[in-house]
Every structure is written in structure tokens, then in C-alpha cells.
Amino acid sequence: MSTPAKSQNVCAGCRSRKKRCDGARPACSACLKRGELCVFGSDLTSGPPVGWALTAADQPWHALSGNSGENVGFPLGLSGEQLWMGLDGGFQLDAQVLPSPQKSASPGDGPQEEELPALPVLLQLVDIFFERFYPYLPVIHRPTLVGRLPADGTAPVLLYAICAVAADAHPSPDIQRRQGGWFAAAKAHLSRSMHSPERALQTMQAAVLVIYQATVQTDFSTSWLVLGEAWRKAVAIGCSAVDAGTKLTMPALGAGPGDGWVEREECRRVVWMLFVLDRGMCFPMGLVHAVDDRQLRVNLPMDDAVFQGESEPARAHVQQRFFPDLDKLTSTVQEQHRQGAGNILHCLVLAYALLGRIGEHLYSSQFGDDGTEGLEDLASSLARIRLVMPASATDLAAAEYPDHGRVVWISIVMSACAILLYHRPLKDGEDAHGSDMAANWPYCVAAARSTVSVVRQAARVSTDFANNGQVTALLFMSCRVLITEHLCPVSGARSAAVRDDLEVLLLAIRRMRDTLKNLGDKFTRGVVFYLSGGRERAEAARALGAGGILRTCEKWPSVDIDDMQIPP
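These remarks concern the structure in this document.

What counts, and at which threshold
Residues numbered from 1 in each chain as written. Predicted model: local features only at pLDDT ≥ 70, side-chain atom pairs only at ≥ 80, totals over all residues. Heavy atoms only, no water. Helix = DSSP H or I, 4+ residues; strand = E, 2+ residues; numbered from the N terminus. Buried < 20%, exposed > 50% of the residue type's maximum accessible area, 1.4 Å probe, protein only. Contact = heavy atoms within 4.5 Å. Areas by Shrake-Rupley, 256 points an atom, 1.4 Å probe, with all protein chains shown as cover. Axes fitted to C-alpha atoms, helices over the stretch in contact; angles between N-to-C directions. Left-handed = near helix turned anticlockwise from the far one by under 90°. Nonpolar A, V, L, I, M, F, W, Y, C, P; charged D, E, K, R; others polar. Phe/Tyr/Trp six-rings, centres within 6.5 Å; stacked < 30°, edge-to-face > 60°. Lys NZ or Arg CZ within 6 Å of the ring centre and 35° of its normal. Core = buried A, V, L, I, M, F, W, Y, C linked by side-chain atoms within 4.5 Å. Domains from an automatic or database assignment. Patch = residues over 30% accessible without salt bridge, like charges linked within 9 Å, V, L, I, M, F, W, Y side chains within 5 Å. Salt bridge = Lys/Arg side-chain N within 4 Å of Asp/Glu carboxyl O. Expected span 1.5 Å × (residues − 1). 1 Å grid on protein atoms, 1.4 Å probe; cavity = no way out; pocket = protein on both sides within 12 Å on 5 of 7 lines; lining within 4 Å. Points joined across faces, edges and corners; volume = space filled by probe spheres on them. Polar contact = N/O pair within 3.5 Å; in protein donor to acceptor, adjacent residues only side chain to side chain.

Attention now goes to the overall build of the protein. Within the protein, the regular secondary structure consists of 22 helices and two strands. Per-residue burial for the protein yields a buried fraction of 56% across its 568 residues. In the protein, once contacts between residues fewer than 6 apart in sequence are set aside, the share between residues at least 24 apart is 73%. Taken as a whole, the protein presents about 23,000 Å² of accessible surface, with 51% of it coming from carbon and sulfur.

Turning our attention to the packing of helix 10 (residues 220-236) against helix 11 (residues 261-282). Helix-helix packing: each pair is described by the crossing angle between the helix axes and the interaxial distance. One way to put it is that helix 10 packs onto helix 11 with a least axis distance of 11 Å and a crossing angle of 145°. Helix-helix and strand crossings are classified by hand; for helix 10 and helix 11 the assignment is left-handed. In this structure, helix 10 contributes Ser-223, Trp-224, Leu-227, Ala-230, Trp-231 and Ala-234 to the contact, and helix 11 contributes Val-271, Leu-274, Leu-277, Asp-278, Met-281 and Cys-282. Tallied by class, residues from the contact of helix 10 with helix 11 come to 10 nonpolar, one polar and one charged.

Now for helix 22 (residues 534-544). Within the sequence span of helix 22, burial applies to Arg-537, Ala-538, Ala-540, Ala-541, Arg-542, Ala-543 and Leu-544. Gly-545, located one to two residues past helix 22, shows a positive phi value of around 80°.

With that settled, the discussion passes to the packing of aromatic side chains. Summed over all chains, the structure comprises 11 aromatic pairs. Aromatic rings pair up to connect Phe-476, Phe-523, Phe-529 and Tyr-530 into one cluster. Sitting above the plane of the Phe-529 ring, Arg-537 keeps its charged end 3.8 Å from the centroid. Positioned above the aromatic ring of Trp-441, the side-chain terminus of Arg-542 is 4.9 Å from the ring centre.

Once that is clear, we can look at the nonpolar core. Residues Phe-129 and Leu-274 are the most contacted members of the largest nonpolar core, which totals 168 residues. A per-element tally of this core places helix 17 (residues 404-422) first, with 14 residues. Domain assignment of the residues forming this core places at least three in each of domain 2 (116-262) and domain 3 (373-567). Formed by 11 residues, the second largest nonpolar core is a distinct cluster that contains Cys-11, Cys-14, Ala-30 and Phe-40.

A contiguous nonpolar patch, built from Leu-119, Leu-123 and Val-146 and spanning about 190 Å² of accessible area, is present on the exposed surface. Within the fold, Val-146 resides in helix 5 (residues 142-148). For Val-146, a relative accessible area of 32% gives the class partly exposed.

Turning our eyes to something else, we now look at helix 10. If you check helix 10, its first and last C-alpha atoms are 24 Å apart, about what 17 residues at 1.5 Å a residue would give, namely 24 Å. Of all the positions in helix 10, only Phe-220, Ser-221, Thr-222, Ser-223, Trp-224, Val-226, Leu-227, Ala-230, Trp-231, Lys-233, Ala-234 and Ala-236 are classed as buried. Just beyond helix 10, the residue with positive phi is Gly-238, at close to 95°.

Turning our attention to the side chain of Asp-278. Looking at where Asp-278 falls in the secondary structure, it is placed in helix 11. Ignoring anything within four residues of it in the chain, the contact list for Asp-278 reads Trp-224, Leu-227, His-289, Ala-290 and Val-291.

Let us now look at the side chain of Thr-484. Assignment of secondary structure puts Thr-484 in helix 19 (residues 472-487). With near-sequence residues (within four places) excluded, Thr-484 lies in contact with Trp-441, Pro-489, Ala-538 and Arg-542.

Turning our attention to unusual backbone geometry. The residue Thr-218 is not glycine, and still its phi comes out positive at about 55°. Structurally, Thr-218 can be placed in the loop between helix 9 (200-216) and helix 10. Phi is positive for Lys-517, which is not a glycine, with a value near 50°. Note that Lys-517 resides in the loop between helix 20 (496-516) and helix 21 (518-531).

This brings us to empty space enclosed by the protein. Going through the model one piece at a time under the given rule, you end up with four cavities of 30 Å³ or more. A volume near 250 Å³ is recorded for the largest cavity. Counting only elements with at least two residues in the lining of the largest cavity, the list comes to helix 9, helix 10, helix 11, helix 19 and helix 21. Here the lining of the largest cavity takes four residues from helix 11, the largest share from any one element. Taken together, the residues of the lining of the largest cavity sort by class into 14 nonpolar, six polar and no charged. Residue assignment places the lining of the largest cavity across two domains, with domain 2 (116-262) and domain 3 (373-567) each supplying three or more. When its volume is computed, the second largest cavity comes out at roughly 70 Å³. Together, Pro-138, Arg-269, Trp-272, Met-273, Val-276, Pro-301, Leu-345, Leu-348 and Val-349 line the second largest cavity. Within the residue set of the lining of the second largest cavity, elements represented by two or more residues are helix 11 and helix 14 (344-362). Tallying contributions element by element places helix 11 first for the lining of the second largest cavity, with four residues. Among the residues forming the lining of the second largest cavity, the class breakdown is eight nonpolar, no polar and one charged.

Its place among the elements puts Arg-384 in helix 15 (residues 375-388). Of the residues examined, Arg-384 reaches a relative accessible area of 29% and is grouped as partly exposed. In this structure the C-alpha to C-alpha distance between Arg-384 and Ser-331, which are 53 residues apart in sequence, comes to 9.7 Å. Not counting residues up to four positions away in its chain, the partners in contact with Arg-384 are Asp-327, Thr-330, Ser-331 and Gln-334. Looking at Arg-384, its side chain comes within polar contact range of the main-chain oxygen of Asp-327, at 3.3 Å.

As C-alpha cells, this is what we get:
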């Protein structure tokens, strides 16, 4: 029977909730039940560390109007969902700040809007976007976009979004400094365009880019809210059923895609990127998916080489319909590749479909279900999907060079799926050494080391994979597994090979700090937090299981992120 702990031995989570704490180490029973990382006064002070506050980038969607707001502190006991969304008890979403046709600011209101660059610079930014970011945001047909530019046929919201995404990669510091203004303008235009029927597909393409850029800037509340509204608009204009025989639409929000093949494929790709962004955003916290894949009546995307052509593809390039049933989707992808009609984007969709299913099962205990039920079936699906994917989607040596970034991306997603499946929590009353957690932990380490293998292989020729903000949280999962294994190895003896692999992942995180700025800094703080916590924090982290990997990110204090050293 647990006994109340002395006041000086109460963990931060129980203290903030004013709950009884049994003071058990490495984690009290209350934190284990809540699925949270247990931190005692020796780790952190009872209140939030000095300077630890939500930044302007974490403000909710009223930032669409250009208001930055001041830093808002938050209590140590916040749930992961609240931190991820930038919400706490004193920082609520207000209907008065949500965008609507009546409440959206007019172009003349507020601060001066950043102007779009002159055409030569705009074309440079378009080139940068397609060279560095298009592989991770493949929603725009380049010939169509470039052909519209001189005639002013592109919606400003899409141009602002492209400039916002690409500006940081431009060699000119003056252009880089304008990135914030372009992003603010993209959000302001988007808040109005969402409610307009004009150029609806371009608005949807811009929404994908804004969601991505908001994530890179750790403005997660904007990412989440824009994603929800973008999905609703996609349904309303018929994008979610673009390949159905009949569909219901809302003309007041825009016309659906016409009969042109480019428009229809752009429409499909917008839906698939919303699907990918949704699954990638929901799995860390167990958030309910915004995109309901049971309602999708959309073919899988065509090959990029075909899509970026200027002539209509032959009938042979028409892709198969998506199926929400994971086994049926796996068989469809397998058959497409067997017939020579498959492509790497099919594998990406399949990987995220698996990630979404695992997330649903992992967090189902929030709704009173047994969260472990069905995980063994999903483990079988993981094995089958790995075997179904062709070498060109999983092995850099077999892939075309333009696909290298996506091969790394798919490999990191699949490793993350394995970690989520096998990182089992330590149950109440279990002995750590004979537990389900200990029995499955070697699979987690193997999955993390598989991530290292593909990162090491990719880095021999390029580090462009670090431009992809959609892999940062997934890569951190592998990093945390190796930190835990290094600090408290199951075998009892530290492995030089694990230490070397961990060093590779730390170098990759450092590179992401350079390319992804705020997002890279956020996960660097997480890495330093776990590296500096020693064996006790590592044991507590392992006991939480997969559900605690990212849900406890509110415990990451302000630290010296340059002090990312592996303990000897």
C-alpha cells in the first residue's frame, strides 16, 4: 500500500494538481497512471523554470490577424495536449478571435502588410520551394504555377505561403528577414480566403503550406485549427470525393475541381497532404483525427514525374482508389508495385495510414477501452507493410536521387510505428526485469538503430532530409529510445555501438536546429532534458511507455541547447 510522501518528496505533477504522491522512484504511482513523466524537486523546482513560457509562436489562431502577443507562462502540471495546442487555464480560445467573414480584418486594417517580392525574386523563391520543400509538400503543379505568374493568375494567399516557406532557404539575408512578414500576410489572406469561393483549390494549397510553416515555427495551435478548417473546406468543395461518381458540394465555399487532369491531381494531393499532416500532428498527443479516412473517395497520387509533365498522362497512369481498411490498402499498394504502376507516395500514404491506426489504439484507453487490444494485429501489419514496400522506397541505394528525402522520411515513420507498438509501459505491481516492457524493449532499440542506419546512409551524399519539418518529432522518438538505452541499458553494460548511433542522431538534431529554427530548438531542448536527467529520469521515461514520449514535453525546461553532450 502506498504511503503519502513527505512534502519535500512530492513530484512536480502531483504538487501542481495538489494530489497525494507516494514518492516512489523513479516514478510515483499517480504519474504512472496518468501516463506522465515523474519529476521530483531534485530535477526541477516546484514551479516552472525561470524564462520557461509559451512564445509568440505558440499563440492561438488570432495570430492570423498579425497580433503577436506577449509570452504567457504556464503551470508545470499542464497536460501534453494543452502544451501542444498552446492552451492553458488562462489562455482560452475566444470566439471573438477566430476568423470569420465578418471578423476578418480588411486589407487596410492593422499594420502595413508585407508586399510580395518583385517577379525575379518571386521566381527564385519558387525555384527554392520546388528544389528543397516540394518533396515534403507535393501539392503544386509547377508548370501551371509558373505559367500563371506573369499574368497575375495566382491567388496572393498561395504566393505569400510559398514565399514564407522558402524565404529561410534564400541566400540573401534581406529576403530571409522578410519571411515573418510574408507568413503573417499568408495567414491573414488565408483567414479571408477560407470563406470565399474564389480560387478555392489555390486556397487549399496555401493552407497546406501554412499548416506546415506554422508547425516549423512551433505555432501548433494555428497548425491544428487551420488543418480542421482546411479539411472542412476540402469536403465542402468536393476534394475528398474527387474520384467518386457523385458528390455533394457547397458552392458558397468554392467550386470543386473541373475535368482538367492537373486540377484533379492537385486536389488529390491536397487531400493526401492534409491526411499526412493530420496523422503526424495527432499521434504524439492522441488527438482525435480531423481527417476521417472512411469518407475519402480519392485515388492514390500519381508519380511525380508524370504529375510534373505538361501533357495529360496516359490511362495507364491512373491510380487505384484508397481503402481505409489497412489490409486492403496494403494489398492495393502491393499490386500497384507488382504491375509497375506504384510510386513512393503510395508507400508514404500507407506508412501514415499505419501510424494513424497505431495512434488510435495507443490512446484508446482515454475513452475507456483497453489501449493494448489490437496492437499485436498492428504489429503483424507493420511487418507485412515493410515486406510489401519495394526497395526503391526503403533503401537509398535502390532509390532515385530525387526520392532520397522521401525514403528517409518513410523509414523514420516506420521506425516510429515500431517504437509506438513495442514501447510498452510498466504496469502497476510489475517487476521491471520480468515485465512486458522489458521483453519488448529490444524491438524499440532495434527500430531506433534502424533510423540511425538510414540517416547515416543519407548523410553520405546529402543532409537535405533535415529540411523536412514533418520528421522532427518522429526522429526525436528514436533519439529518446537510444538515450534511455545508453543511460540505463537492459543488459547492464553500456554499448559503444549504441553510443555511436546516438551521436549520429544528435548531429541530425543539430542540423535540424539550423534548418528548422524553432522546431529544431524545441526538440533539442527535449534531447538535452533527457541527456541531463541521468539514469533515474531514463528509467522513469522507459516505464511510461510510448504514450509518454512526446506527451510530457511540457516538462522540457529552458536549457542551454548548445550543451548537448552524451554522458560517458
